[in-house]
Amino acid sequence: MSGTDSIDTIVDEVRKGVRTAHQVLDHYLERAERLNPALNAFYEIHQEEAREQADSIDSRLRAGAAPGRLCGVPIALKDLIDQAGQVTTAGSAFYRHRAKESATVVRRLEAEGAVIMGRTVLHEFAFGFSSENPWFGPVRNPWNLRLSPGGSSGGSAVAVAAGMAPAGIGTDTGGSVRVPAALCGLVGLKVTHGAIPLTGVFPLAGSLDTVGPMAKTVRDARVLFRVMSGYDPRDPWSTPSPAGADRIDRLQGLRIGVPSDWLSAVPTSAMVRDSFGLFCEDLSDLGAEVEVIEESGLKPGPLLQMVPAAEAAAVHRRWFADPDKPYGPDLEIRLGAAMEVPVDRYTEAMRWRAGVKNAAAKIFDDFDLLVTPAVGHAAKTIGEDTIEINGQPLFYREVLNGYSALVNMIGCPALALPTNRPGSPPPAIQLLAPWWGEEALLDVGTLFEQTGLIGFTPPPPLPELPA
């Protein structure tokens, strides 16, 4: 047994009795207990409750019950998502919600035999991209303990990349699944807004929030997506998916656009630009039609931050002035500015957002997919607020979410994938598909895996924790 088991391997072996769900869980619990002090991926590991879940699965299998699509698969759950009987902290100093019932996604995962093994550390209230939490400590990247894993779902990404869990669940409001996936060398799926229910998930910005999987393979991400997706009438953001989604079975002739205005607008290191260019050349060599697109309406702009800021302010206004409900320095500044966003500025931002969606729709009339880098640079040092790009220090959020946040404005699905290029972690790319195109997106990701363009590379063995 290893820390790189696929979901299929675990389910098949538990179903056939090669391993019990209890044995699988014990392996990952042991690894998590051993590695978590260095990485701080888990806020809480549920040894007793998870073993009860695993034993229940084993008992049902012995009684002849159907195994379920996630039979015996341990899951690392972001501490923003309710699980019955557990306390959701949202990574904060004061929010402590003992859930009476599980979020819809958790109920769906457990119904298919998944075992929730613990709650993972995140950026405070999910409003940031470093996972350097002032109350729970920084999450550390297994590729380099001095580096951030990105955020806000940093703990879930680290748990999977370090082999402490075979799969993780995060949320993505501006890149919070895709950014940590890219910085940790994983597959991360941001779904169409409304495709996976938000019932029981603490909100950041409801019109942008999504739940999504992080995994080592596209196939694992697909299984998790299929289990979690589907309409939930209790969630006002949930939307029934249209029937007959397109599928893609070959790269030959696939039309893939490279949005030049977007790439020019995002601070991007020379290494990322070079590796992205080589990836596009590889795509062309495999028969895809890769074409540079000029579309000035599809790029980040100064109004982008107004939407999540105004919506986050609406969530936190009831607590923000209360001295007994402290926020960390980073969030206090960011939410303080958010509280000052006027309604007319938010309305202006929503008009801009509509233009971005229309620009994307126009491009998708002519192209099957879009491709960009996943992040502008994959290394952010813990404790430093800037990332140097071509000799210029820039605020880290500009670099980490320049390619991801715009996707949430559009609302379409996107997939972060680790390439086969050298790097620690390997550089990642982002694919975008039209709305409700998750299956086609995952089809192409699978084809990339089969041709060797992308694939998971395990991080090196952990060194000692830095002083």
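Residues numbered from 1 in each chain as written. Predicted model: local features only at pLDDT ≥ 70, side-chain atom pairs only at ≥ 80, totals over all residues. Heavy atoms only, no water.

Trainee: Before we go on, may I ask you to explain the overall build of the chain in this structure?
Mentor: Of regular secondary structure, the chain possesses 15 helices and 17 strands. What you see for the chain is a C-alpha radius of gyration of 21 Å, in line with the 23 Å of a compact globule of 467 residues. On the principal axes, the C-alpha backbone points of the chain span a range of 60 × 60 × 50 Å. For the chain, the proportion of its 467 residues judged to be buried stands at 61%. The long-range fraction of contacts in the chain, counting pairs at least 24 apart against all pairs at least 6 apart in sequence, stands at 77%. (Helix = DSSP H or I, 4+ residues; strand = E, 2+ residues; numbered from the N terminus. Rg over C-alpha atoms; globule rule 2.2 N^0.38 Å. Buried < 20%, exposed > 50% of the residue type's maximum accessible area, 1.4 Å probe, protein only. Contact = heavy atoms within 4.5 Å.)

Trainee: Please clarify how the side chain of Arg119 should be interpreted in this entry.
Mentor: Locating Arg119 in the fold gives a position in strand β5 (residues 115-120). Taking relative accessible area as the criterion, Arg119 reaches 0% and is therefore assigned buried. Separated by 2.7 Å, the side chains of Arg119 and Asp79 make a polar contact. Of note is the side chain of Arg119, whose polar atom sits 2.6 Å from the backbone oxygen of Ile81. (Polar contact = N/O pair within 3.5 Å; in protein donor to acceptor, adjacent residues only side chain to side chain.)

Trainee: Honestly, helix α3 (residues 47-62) in this entry has me stumped. Any pointers?
Mentor: Given 3.6 residues per helical turn, the α-helix brings residues three or four places apart onto the same face. Between its terminal C-alpha atoms α3 stretches 22 Å, which fits the 22 Å expected from 16 residues at 1.5 Å a residue. All of the buried residues along α3 are Ala50, Gln53, Ala54, Ile57 and Asp58. Looking straight down α3, one finds that the buried residues subtend no more than 135 degrees of arc, so they occupy a single side. Those residues of α3 that are exposed and angled more than 90 degrees off the buried face are Glu48 and Arg62. Looking at the packing, one finds that the buried side of α3 touches α2 (21-39), α4 (104-111) and β5. (Expected span 1.5 Å × (residues − 1). Arc of directions from axis to C-beta.)

Trainee: How do you make sense of unusual backbone geometry when you look at a structure like this?
Mentor: A cis geometry characterises the amide bond from Gly151 onward to Ser152, with omega recorded as 10 degrees. Mapped onto the elements, Ser152 comes out in the loop between β7 (137-138) and α5 (154-161). The omega angle of the peptide bond from Ser424 to Pro425 is 5 degrees, so this bond is cis rather than trans. Along the polypeptide, Pro425 turns up in the loop between β16 (414-418) and β17 (428-432). One non-glycine residue, Phe125, lies in the positive phi region at around 55 degrees. Mapped onto the elements of the fold, Phe125 is located in the loop between β5 and β6 (132-133).

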